[in-house]
Structure formats: structure tokens, C-alpha cells
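Summary of the model geometry
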Amino acid sequence: MYVILLRYHAPLESIDALKEAHYANPDGVFAKGMVHLAGPLEPRTGGVIIADGERAAVEAAVASDPFVTSGAATAEILRFHPTWRDENGTSRRAPQ
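Below is a summary of the structure that appears in this document. In every chain, residue numbers begin from 1 and rise along the written sequence. Given that the model is predicted, a residue must reach a pLDDT of at least 70 before its local features are reported, and side-chain atom pairs must reach 80 or more before they are shown or counted; all residues, however, enter totals for whole chains, interfaces and linings. Values shown for side chains rest on all heavy atoms present in the structure; no hydrogens or waters enter the calculation.

Now for helix α2 (residues 55-63). The rule is simple: take the accessible area with a 1.4 Å probe, protein chains only, and divide by the maximum for that residue type; under 20% is buried, over 50% is exposed, in between is partly exposed. Helix numbering and strand numbering both begin at the N terminus, where a helix is a DSSP run of H or I of at least 4 residues and a strand a DSSP run of E of at least 2. Considered for burial, the residues of α2 that qualify are V58, A61 and V62. All buried residues of α2 fall inside an arc of 95 degrees around its axis, so they share one side. Arc, as used here, means the arc of the directions from the helix axis to the C-beta atoms.

Below you can see the structure in the form of C-alpha cells.
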């Protein structure tokens, strides 16, 4: 599983203009079904995506993102191994 941190380097007007292309990108993490959760940081300086897949596929999908290809944002991909889940309000240790 991966945390993808997007950091904006362009004005929010530019980010907003790219938002639909970011979600609709046919080679991106959303179209490939890799995303579990996603949303903007607060304050709105970037975004976070929780994704799953093979590392090379995640890297390729992120590299194709219009935020990244336009230079409006950079992405950092961090791998992690979940050991704790909170589903339906019940916390439990995830299988290892």
C-alpha cells in the first residue's frame, strides 16, 4: 500500500483547471482502480492519495498525472504496511 503526497507548486487556479484531467486521466491511479482514499490537504497545499498496486504500476500512474506532467505539483510515493484498521467504527489489528 502507498501514500502518495502531492505538493502543489502552481496557483490554486491552475490546480483547479487541471482537477478534472487529474481524475479522468486514463493512465492514472483513479482510472486504474488503485485508489482507496484521496483528498486535499488543509490548508490546500497539496493532496494525499492512499493507493494499492505494484510499485512500478503506481509510479507509472503517478508520473502520468496531469498535475505532475504540467509541473503544477510534485509527488512523493511512500510505501507502508498497514497493521491497524478502523472499519465501521471498530478498531482492530489488521492481518499481517
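Structure's up, so let's keep going.
Centres within 6.5 Å make a pair out of two Phe, Tyr or Trp rings, where for Trp the six-membered ring is used; the pair is then stacked when the planes are under 30 degrees apart, edge-to-face when over 60, and tilted otherwise. Summed over the entire model, instances satisfying the criterion amount to two aromatic pairs. An angle of 75 degrees between the planes, with centres 5.9 Å apart, marks the rings of Y8 and F67 as edge-to-face. In this pair, Y8 is assigned in strand β1 (residues 2-8) and F67 in helix α3 (residues 66-69), connecting sequence segments 59 residues apart. As far as the burial class goes, Y8 and F67 line up, both buried. Relative to F30, the ring of Y23 has its centre 5.0 Å away and its plane inclined at 65 degrees; by these criteria the two rings are edge-to-face. You can call Y23 partly exposed: its relative accessible area is 41%. Judged by relative accessible area, F30 falls into the partly exposed class, the value being 24%.

Bringing the pairing of strand β2 (residues 35-40) into the picture now. Pairing of β2 with strand β3 (residues 46-51), which is carried by five bridges, proceeds in the antiparallel orientation. If you follow P40 over to β3, its bridge partner there is G47. Where β2 hands over to β3, the hairpin turn is made up of five residues, counted between the paired strands. In short, DSSP must find at least two bridges between two strands for them to pair.

Locating T69 in the fold gives a position in helix α3. Contact definition: two residues touch when any of their heavy atoms are within 4.5 Å. Those residues in contact with T69, other than ones at most four positions away along the chain, are A63 and S64.

With that settled, consider unusual backbone geometry. The omega torsion of the bond from E42 to P43 falls at 5 degrees, within 30 degrees of zero and hence cis. Tracing the backbone through its elements, the reader meets P43 in the loop between β2 and β3.

Before going further, it helps to examine the nonpolar core. By convention a nonpolar core is built from buried Ala, Val, Leu, Ile, Met, Phe, Trp, Tyr and Cys residues, the set being connected through side-chain atoms within 4.5 Å. Judged by nonpolar contacts, the single largest core of 16 residues is most densely connected at I4, V29 and V58. Among the secondary structure elements, those contributing two or more residues to this core are β1, β3, α2 and β4 (73-79). Counting residues per element, this core draws most heavily on β1, at four residues. What V29 contacts, discounting residues up to four positions off in sequence, is I4, M34, V35, I49, A61 and V62.

In short, shape yes, function no, at least from these values alone.
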